[in-house]
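Listed below are the residues making up each chain.
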Amino acid sequence: QVQLVESGGGLVQAGGSLRLSCAASGRTFSNYAMAWFRQAPGKEREFVAAISRSIRFTYYASSVKGRFTISTDNAKNSVYLQMNSLKPEDTAIYYCAASFSGGAVKAVNQYTYWGQGTQVTVSS
């Protein structure tokens, strides 16, 4: 079993930055990928960024590429999302997720474990 604990959400002005953290515990040795998804009110959960744990290959949604950076610290068993140049449309609940399969990293159904979500609000 894997537990994911998120932190770092908050309120920021447009153009500001936030760094989200997700600490994983439990059985993580076989973890294939870590990802961040977000869900705004009235919207479906959407892919934001993902990283392969073994080769550290990264993937980004086009809407955040160039502004967000996903990274991992294997020693700390954590994944991070550095969010710069934030826009009001980035406002959402952000979820950390862990995949134990080799499927498409951008697909919601490829992720077995999810964090509780952390609110990110960007004001104009």
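Every value quoted in this text rests on a predicted model; they were computed, and no experiment measured them.

Undergrad: Would you take a moment to explain the state of the cysteines for this structure?
TA: Among covalent bonds in proteins, the disulfide is the one between the sulfur atoms of two cysteines. Scanning all chains against the criterion turns up one disulfide. Disulfide pairing places Cys-22 opposite Cys-96 at an S-S distance of 2.1 Å. Since a negative S-S torsion denotes a left-handed disulfide, the Cys-22-Cys-96 link at about -80° is left-handed. Here the residue Cys-22 occupies a position in strand S3 (residues 18-26), and Cys-96 occupies one in strand S9 (residues 92-99), the gap between them amounting to 74 residues.

Undergrad: Help me understand the nonpolar core, please; the structure alone is not making it clear to me.
TA: Most often, soluble globular proteins have nonpolar side chains that are buried together. The biggest cluster of nonpolar side chains holds 35 residues, and the ones touching the most others in it are Trp-36, Leu-81, Met-83 and Tyr-94. If you list the elements that add at least two residues to this core, you get strand S1 (2-7), S3, strand S4 (33-39), strand S5 (46-52), strand S7 (68-73), strand S8 (78-83), S9 and strand S11 (118-123). Excluding residues that lie within four positions of it along the chain, Tyr-94 makes contacts with Glu-6, Leu-20, Trp-36, Phe-37, Arg-38, Val-48, Phe-68, Leu-81, Met-83, Gly-117, Thr-118 and Val-120.

Undergrad: Is there a simple way to think about the environment of Arg-19 in this case?
TA: Positionally, Arg-19 belongs in strand S3. Residue Arg-19 is classed as partly exposed on the basis of its relative accessible area of 42%. Setting aside chain neighbours within four positions, we find Arg-19 in contact with Ser-7, Gly-8, Ser-71, Tyr-80, Leu-81 and Gln-82. In this structure the side chain of Arg-19 is engaged in a polar contact, spanning 3.5 Å, whose partner is the side chain of Gln-82.

Undergrad: Quick question: what am I supposed to make of unusual backbone geometry here?
TA: If a residue is not glycine, its phi is most likely negative; likewise, a peptide bond is most likely trans. Notably, Asn-77 is not glycine yet its phi reads approximately 55°, a positive angle. For Asn-77, a relative accessible area of 17% corresponds to the buried category. Not every positive phi belongs to a glycine, and Ser-85 is a case in point at roughly 50°. Looking at the secondary structure, you find Ser-85 in the loop between S8 and S9.

Undergrad: Please clarify how the pairing of S8 should be interpreted in this entry.
TA: Within a regular strand, the side chains alternate between the two sheet faces. Among the six residues that make up S8, five are buried, leaving the element largely enclosed by the rest of the structure. Here S3 pairs with S8 via six bridges, running antiparallel. Across the sheet, residue Leu-20 finds its bridge partner in S8, namely Leu-81. In the sheet, S7 pairs with S8 via six bridges, with the strands oriented antiparallel.

Parameters at a glance
- Residues numbered from 1 in each chain as written.
- Predicted model: local features only at pLDDT ≥ 70, side-chain atom pairs only at ≥ 80, totals over all residues.
- Heavy atoms only, no water.
- Disulfide = S-S within 2.5 Å.
- Helix = DSSP H or I, 4+ residues; strand = E, 2+ residues; numbered from the N terminus.
- Core = buried A, V, L, I, M, F, W, Y, C linked by side-chain atoms within 4.5 Å.
- Buried < 20%, exposed > 50% of the residue type's maximum accessible area, 1.4 Å probe, protein only.
- Contact = heavy atoms within 4.5 Å.
- Polar contact = N/O pair within 3.5 Å; in protein donor to acceptor, adjacent residues only side chain to side chain.
- Pairing = 2+ DSSP bridges.

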